[in-house]
Amino acid sequence: MLDLRWIRDNPEDLDRGLRRRGLEPVSAGILALDSRRRARQTELQTHRTRRNEASREIGAAKKEGGDAAALIHEVARIKTRMQALEDECAGIDAEIDALLADLPNLPAGDVPDGPDENANVELRRVGAPPEFAFEARDHVAIGEALGMMDFAAASKLSGARFVVLNDALARLERALAAFMLDLHTAGFGYTETSTPLLVRDAALFGTGQLPKFAEDLFRTDTGHWLIPTAEVPLTNLVAEEILDPAELPLRFVALTPCFRSEAGAAGRDTRGMLRQHQFHKVELVSVTMPEDSPGEHERMTGAAEEVLKRLDLAYRVVVLSTGDMGFAAEKTYDIEVWLPGQDAYREISSCSNCGAFQARRMRARYRPEDRRGTAFVHTLNGSGVAVGRLLIAVLENGQREDGSVALPAALRPYMGGLDAIRPARRG
């Protein structure tokens with residue numbers, strides 16, 4: 001959430017940032033409401049002062065045996081007006097809060113301007129895509145030929161956009177997750193964390209999914225929501241906390257199932273495992289001092305890149321344009337892995353610096369050492385990486401003409417020494 005006090009002082013900067021995101025300016029409306037509320041608060045304070053004075057005058061009149069009826073009537077009128085003013089202020093507060101809750105984070109100055117993904121800027125490419133002496137297949141053809149990827153069975157159980165993995169592919173999914181957790185904990189100092197998969201409204205508001213993106217989530221009849229990513233519970237671990245600067249940075253990693261209705265993605269990537277209602281992801285979250293978040297952003301992106309480097313997968317890193325960034329981000333790097341079956345780079349990780357945006361919504365603060373009071377921490381999150389998409393990448397990049405799939409050396413210890421996945425025997 002954006003800071004109302006900052007908006008008062010910098011309305012042009014707010015509108016400029018919103019225009020960069022392709023949105024209409026809103027500062028005039030917010031400031032008009034804010035001015036009206038402040039005027040009502042001033043009037044309320046004036047009435048409060050007069051009420052207190054009149055109350056003392058009533059006491060003095062009664063003590064001296066005088067007539068206090070007029071003063072009592074005046075106090076009654078003041079109380080009625082004060083209640084009306086308090087109700088009006090509460091209503092204005094709710095309007096302002098609703099407006100602020102609906103505003104996205106403002107893009108950092110070095111984020112490229114543009115309306116969509118076509119304006120993203122490539123920063124680097126790492127590794128060379130494999131060359132095959134045969135026509136590359138996509139992960140669906142590979143998985144079904146192996147006899148270990150069953151969309152029909154999943155559809156019977158749950159409908160579209162689910163999959164059942166069997167045998168070595170089920171083990172590969174588990175191996176990839178374990179490999180990444182070991183890398184991020186032992187190699188990059190993240191604390192492995194197991195969190196609830198069901199959260200309340202406040203947690204999703206804190207990270208920015210609510211109220212704007214409710215249709216993309218699954219909700220239970222108990223009022224809980226299934227998490228769309230472990231970013232939600234991990235980031236909210238510091239909600240309503242006042243942290244000691246000596247504790248920072250905090251770094252968390254979690255493997256969880258993720259659940260998304262994908263209401264806003266109808267018709268996109270409907271084939272295979274690229275976009276599903278349920279998938280596993282290893283999520284990275286950092287909580288830092290404000291001055292440390294840019295460096296932490298680079299570090300987090302490097303941790304996600306290391307996963308692909310160790311698995312010998314070609315990828316590229318892009319910085320997202322203003323029109324392609326997520327709601328809570330001020331700057332985002334996407335890592336896109338090469339998928340031979342699509343002859344394209346596709347997103348496998350998104351690492352975002354959210355600045356104080358989520359912290360303000362969660363009231364996650366720290367005590368500065370050089371001044372009184374509290375200040376908001378900065379939060380960052382990133383996929384470290386999406387397990388299902390990584391499985392796709394391993395299958396498509398390791399495919400062989402005979403239908404088997406070569407496994408990267410780094411995964412073999414997690415696969416019981418297996419160096420390749422071969423078609424399941426039938427009969």
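Refer to the structure printed above.
Now for a look at the structure at hand. (Residues numbered from 1 in each chain as written. Predicted model: local features only at pLDDT ≥ 70, side-chain atom pairs only at ≥ 80, totals over all residues. Heavy atoms only, no water.)

**Here we look at the overall build of the protein**
Part 1: For the protein, the count of helices and strands is 12 helices and 17 strands.
Part 2: On the principal axes, the C-alpha backbone points of the protein span a range of 105 × 45 × 40 Å.
Part 3: When the accessible surface of the protein is totalled, it reaches about 20,100 Å², and 48% of it is carbon and sulfur.
Part 4: With 54 positive and 65 negative side-chain charges, the protein shows a spacing of 4 Å between the two charge centroids. (Helix = DSSP H or I, 4+ residues; strand = E, 2+ residues; numbered from the N terminus. Areas by Shrake-Rupley, 256 points an atom, 1.4 Å probe, with all protein chains shown as cover. Lys, Arg positive; Asp, Glu negative; His and termini not counted. Charge placed at Lys NZ, Arg CZ, Asp CG, Glu CD.)

**Here's the deal with the pairing of strand 8 (residues 250-259)**
Part 1: Within strand 8, 8 of the 10 residues are buried, which leaves it mostly tucked inside the rest of the structure.
Part 2: Bridge count between strand 4 (residues 191-192) and strand 8: 2 bridges; the pairing is parallel. By the bridge assignment, Glu192 is partnered in strand 8 with Val253.
Part 3: Where strand 8 meets strand 9 (residues 278-288), 10 bridges bridge the pair, whose relative direction is antiparallel. Paired with Ala254 across the bridge in strand 9 is Glu283. (Buried < 20%, exposed > 50% of the residue type's maximum accessible area, 1.4 Å probe, protein only. Pairing = 2+ DSSP bridges.)

**A short note on the sheet that holds strand 12 (residues 344-353)**
Part 1: An order of 1-10-11-12-15-9-8-4 is seen for the 8 strands of this open sheet, with the pairing classed as mixed. Only two strands of the sheet have a single partner each, and these edge strands are strand 1 (121-126) and strand 4.
Part 2: The pairing of strand 1 with strand 10 (residues 315-319) spans 5 bridges and is classified as antiparallel. Among the inter-strand pairings, Val121 is bridged to a residue of strand 10, identified as Val319.
Part 3: Contacts between helix 10 (residues 293-310) and the sheet are confined to strand 1, strand 8, strand 9, strand 10, strand 11 (331-339), strand 12 and strand 15 (378-386), with strand 15 contributing the most and set at about 5° to the helix. (Contact = heavy atoms within 4.5 Å. Axes fitted to C-alpha atoms, helices over the stretch in contact; angles between N-to-C directions.)

**Let's talk about unusual backbone geometry**
Part 1: In the segment running from Leu210 into Pro211, the intervening peptide bond is cis, with an omega of 5°.
Part 2: With respect to the secondary-structure elements, Pro211 resides in the loop between helix 8 (201-207) and strand 6 (225-226).
Part 3: Positive phi, normally seen in glycine, also occurs at Asp343, with a value near 55°.
Part 4: Summarising the element assignment, Asp343 is placed in the loop between strand 11 and strand 12.
Part 5: Using a relative accessible area of 58% as the deciding quantity, one classes Asp343 as exposed.

**What to know about the packing of helix 7 (residues 167-187) against helix 10**
Describing two packed helices takes the angle between their axes plus the distance from one axis to the other.
Part 1: Two elements in contact, helix 7 and helix 10, have axes separated by 10 Å at closest approach and are oriented at 130°. Here helix 10 runs oblique to helix 7, going by the angle between their axes. Crossing handedness for the pair helix 7 and helix 10: right-handed. Between helix 7 and helix 10, the contacting residues are Phe179, Met180, Leu183 and His184 on the first element and Ala303, Ala304, Glu306, Val307 and Arg310 on the second.
Part 2: Classifying every residue of the contact of helix 7 with helix 10 gives 6 nonpolar, 1 polar and 2 charged. (Parallel < 35°, antiparallel > 145°, perpendicular 65-115°, else oblique. Left-handed = near helix turned anticlockwise from the far one by under 90°. Nonpolar A, V, L, I, M, F, W, Y, C, P; charged D, E, K, R; others polar.)

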